[in-house]
There are 2 protein chains.
Amino acid sequence: MPSEFDAATAVTPAGEGLWRAEISGAYNIGNVPNGGYLLALGTRAVGESLVHPTPLTVTGHFVRPAAAGPAEITTEVVRSGRNLATGQGRLSQAGRECMRLLATFGDLSKLRGPTRVAGDSPCLPPPEDCAAVRGPLPRGLSVSLTDSVEIRSRPGTPGWASGSPRGTAELDAWVRFTAGRPPDPMAMPLLVDALPPAVFELGYSGWVPTLELTVHVRAVPARGWLRLRSCTRFLIEGMLDEDVEVWDADGRLVAQSRQLARLTAPPEPTA
Amino acid sequence: MPSEFDAATAVTPAGEGLWRAEISGAYNIGNVPNGGYLLALGTRAVGESLVHPTPLTVTGHFVRPAAAGPAEITTEVVRSGRNLATGQGRLSQAGRECMRLLATFGDLSKLRGPTRVAGDSPCLPPPEDCAAVRGPLPRGLSVSLTDSVEIRSRPGTPGWASGSPRGTAELDAWVRFTAGRPPDPMAMPLLVDALPPAVFELGYSGWVPTLELTVHVRAVPARGWLRLRSCTRFLIEGMLDEDVEVWDADGRLVAQSRQLARLTAPPEPTA
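Residues numbered from 1 in each chain as written. Chains lettered and ligands numbered in written order. Predicted model: local features only at pLDDT ≥ 70, side-chain atom pairs only at ≥ 80, totals over all residues. Heavy atoms only, no water.

A. Fine view of the packing of aromatic side chains. Evaluated as defined, the whole model comprises 12 aromatic pairs over all chains. Look at Trp160 of chain A and Phe200 of chain A: their rings are 5.2 Å apart centre to centre, the planes differ by 90 degrees, and that puts the pair in the edge-to-face class. Taken together, the positions of Trp160 of chain A in the loop between strand E11 (149–153) and strand E12 (170–177) and Phe200 of chain A in the loop between helix H4 (188–191) and strand E13 (210–217) put the pair 40 residues apart, joining distant regions of the chain. Ring geometry for Phe234 of chain A and Trp247 of chain B: centres 5.9 Å apart, planes at 75 degrees, overall edge-to-face. (Phe/Tyr/Trp six-rings, centres within 6.5 Å; stacked < 30°, edge-to-face > 60°. Helix = DSSP H or I, 4+ residues; strand = E, 2+ residues; numbered from the N terminus.)

As structure tokens, then:
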């Protein structure tokens, strides 16, 4: 039995560079599938066309909201080399493109070179002493994502969840798949985008659609909980960056992401 | 007369979604055009096809080195909306693709929303008290880029230039076009990639080819010198991130970038 995540990112070949997929409703914010989940799905399709196993750097531009249901992904090999291969994908529903992505794959297990890491994993109490971060959001928006991905943060954080935003756009949390699937490079595009927006700690709420999300996968994660550090440093005229680091159970940095997003008025609650 | 940079990023229409360009030799490291310059050129071509004026987020994947000389750029509009438009470009020479890019354009002057900035511009002595950072590189590699872009850093930095790397992969510097062209959003893809690699301050040298570079343009820069802050936090098995912030003469953050690059053996010096 494939895990829920693997089933939700499965793609079926339907011709040269053409894949069919079923967008799951298990990673929604309100009734919109999370951008990171769509990026994971697109990355899987692009990866099917490439000879190297691991996504090293993936960028998605989100041009229309998607919805749970059938989707089509067209892929193109940009270049296939000895150590690296680059591909492109476009994810469409009913003939309307929702996301365009570029991905370069390689083999993390074959990298050789110096290692120097500045910084450390987020300092958090053990998961059992942390509090679950779950939907629904303010205004009654349901969040299926937090049923599929377990998120636990230091008690009292995020402050906005109890009406007391802390004034610093940061959130650290433990993250894992609820159903027990171990983390791997293919899951990184989803997991880096799984926390609630760090900008909510400045007292803002609303909808924070992603324009663009880039994920660098830096190492194959060990089994077990991941620790995520999320922060927004530059909110300028309603546009914001969000940087996320992912550290594995062995204390190694395994992924980094940055997205550009917009703070907008919240959608109406779904029934 | 267009500036050197505008001439070097000029594109000539040659059919539906097809542009011809001449890659300049004025932004070389050794005999290879700088990745940021190629991204600026590709961004210009994509922007010609889009109705909005400013690149907000641009990502390039670099799949083959380019060389000064003729190039062809094919562009495609992914989506054109009321506030945002997304396009794709591929830059080729002699039928071989060198770079694929995605860009979302908008209008920075029309953004409205809250602003909260964490962090400040790099603290540097005035430009006249700083030292020019120029090629040639160790091993005699010529660097035309530093003739076209003026870079000035705190005296004694970068330490590697005088044989004393400081052990922290950071470099702050003043940056402007040598020929006096004011900075603008279109120049950001070049300028974020103009400093020597921050990783050299760890004592490494060599060639640091970019796999992927993403630039977020956050505000229209004021005239005058820019201040750049560059750092590498995670060098892992020879792969590295490099983050750059760009602050304008009014002390406002105007761009951010992150790239994924590889530390490799240096090429042989060019004659």
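B. Expanded view of the side chain of Thr9 of chain A. Residue and element names in this part refer to chain A. Secondary-structure assignment places Thr9 in the loop between helix H1 (4–8) and strand E1 (12–13). Note on Thr9: relative accessible area 1%, which makes it buried. Here Phe5 takes part through its backbone oxygen, which lies 2.9 Å from a polar atom of the side chain of Thr9. Setting aside its immediate chain neighbours within four residues, Thr9 contacts Tyr37, Ala40, Leu41 and Arg44. (Buried < 20%, exposed > 50% of the residue type's maximum accessible area, 1.4 Å probe, protein only. Polar contact = N/O pair within 3.5 Å; in protein donor to acceptor, adjacent residues only side chain to side chain. Contact = heavy atoms within 4.5 Å.)

C. Focus on the nonpolar core. Ranked by internal contacts, the top residues of the largest apolar core, which has 74 residues, are Tyr27, Val149, Leu190 and Val246 of chain B. In terms of residue count, helix H2 (residues 35–48) of chain B provides more of this core than any other element does, 7 residues in total. With residues near it in sequence (within four places) discarded, Leu190 of chain B still touches Phe5, Tyr27, Asn34, Gly36, Tyr37, Ala40, Leu145, Val149 and Phe177 of chain B. Of all hydrophobic cores here, the second largest spans 73 residues; its members include Ala66, Met186, Ala187 and Val217 of chain A. (Core = buried A, V, L, I, M, F, W, Y, C linked by side-chain atoms within 4.5 Å.)

D. Representation of the side chain of Gln259 of chain A in the model. With respect to the element layout, Gln259 of chain A can be found in strand E17 (residues 253–262). Overall, the relative accessible area of 5% leaves Gln259 of chain A in the buried class. In this structure the side chain of Gln259 of chain A is engaged in a polar contact, spanning 2.6 Å, whose partner is the side chain of Thr210 of chain A. Apart from residues no more than four positions distant in its own chain, Gln259 of chain A is found in contact with Asp193, Thr210, Glu212, Leu213, Leu240, Asp241 and Glu242 of chain A together with His216 of chain B.

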